[in-house]
Amino acid sequence: MIEDSVAIIAIFDLPGMTQAQYEQGTDKLTGGRGLVKKPADWPVPGLISHTAAPTPNGWFVADVWESEEAFRQFGDIIMPILREVGAPDMQPKIYPVFNLVTS
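All figures in this text were calculated on a predicted structure; none of them were measured in a lab. (Residues numbered from 1 in each chain as written. Predicted model: local features only at pLDDT ≥ 70, side-chain atom pairs only at ≥ 80, totals over all residues. Heavy atoms only, no water.)

A. Spotlight on the packing of helix α1 (residues 19-29) against helix α2 (residues 68-84). Close contact between α1 and α2 brings their axes to 9 Å; oriented N to C, the two are set at 135 degrees. Relative to α2, the element α1 lies oblique. In the packing of α1 onto α2, the handedness of the crossing is right-handed. Residues G25, K28 and L29 of α1 form the contact with α2, whose participating residues are F74, I77, I78, I81 and E84. Residues belonging to the contact of α1 with α2 are distributed by class as follows: five nonpolar, one polar and two charged. (Axes fitted to C-alpha atoms, helices over the stretch in contact; angles between N-to-C directions. Helix = DSSP H or I, 4+ residues; strand = E, 2+ residues; numbered from the N terminus. Parallel < 35°, antiparallel > 145°, perpendicular 65-115°, else oblique. Left-handed = near helix turned anticlockwise from the far one by under 90°. Contact = heavy atoms within 4.5 Å. Nonpolar A, V, L, I, M, F, W, Y, C, P; charged D, E, K, R; others polar.)

B. Structural detail: α1. Considered for burial, the residues of α1 that qualify are Q21, Y22, G25, T26 and L29. The arc that holds the buried residues of α1, viewed along the axis, is 130 degrees, so those residues lie on one side. Buried positions along α1 lie against β2 (47-55), β3 (58-65) and α2. Looking one or two residues past α1, G31 carries a phi angle of roughly 70 degrees, positive in sign. (Buried < 20%, exposed > 50% of the residue type's maximum accessible area, 1.4 Å probe, protein only. Arc of directions from axis to C-beta.)

C. Geometry of the nonpolar core. Of all hydrophobic cores here, the largest spans 24 residues; its most connected members are F12, W65 and F74. Residues within four places of W65 in sequence aside, it is in contact with A7, I8, V44, P45, G46, L47, I48, A70, F71 and F74. (Core = buried A, V, L, I, M, F, W, Y, C linked by side-chain atoms within 4.5 Å.)

D. Representation of the pattern of salt bridges within the structure. Under the defined criterion, the tally for this structure stands at four salt bridges. A salt bridge links K28 to E84; its shortest N-O distance comes to 2.9 Å. Here E84 lies in helix α2 and K28 lies in helix α1, a separation of 56 residues in the sequence. When its relative accessible area of 55% is taken as the criterion, E84 is described as exposed. The salt bridge partner of R72 is E68, with a shortest N-O separation of 3.9 Å. Of this pair, R72 and E68 both sit in helix α2, four residues apart, which is roughly one turn of the helix. Of the residues examined, E68 reaches a relative accessible area of 11% and is grouped as buried. Residues participating in the shared-partner salt-bridge network are E68, E69 and R72. (Salt bridge = Lys/Arg side-chain N within 4 Å of Asp/Glu carboxyl O.)

E. Spatial organisation of the pairing of strand β1 (residues 8-15). The pairing of β1 with β3 spans eight bridges and is antiparallel. The residue of β3 that forms the bridge with P15 is G58. Relative to strand β4 (residues 93-96), β1 is paired through four bridges, and the arrangement is antiparallel. The residue bridging I9 from the neighbouring strand is Y95, located in β4. (Pairing = 2+ DSSP bridges.)

Spelled out as structure tokens, the structure:
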């Protein structure tokens, strides 16, 4: 377990997931408002950054959270949504952040 006060990066590597599934998931996450555009769009506080991109075999997401606890709260919301949109079953990899640069 990572110390709760340490920022973490959560990596979702989702082979087989499509952009359409990502868009469906974010629409459900935002209550029908479409893609997330800023941290305030997230259902729990603590998000520092979110990046999503297609890969040759699926979809990739990297989130930076203020703490593992904040991410766990988000995980309680996003994991059922991912299952609902048919995303592949997976567990994100979580690492403590060593260095973070923001604008």
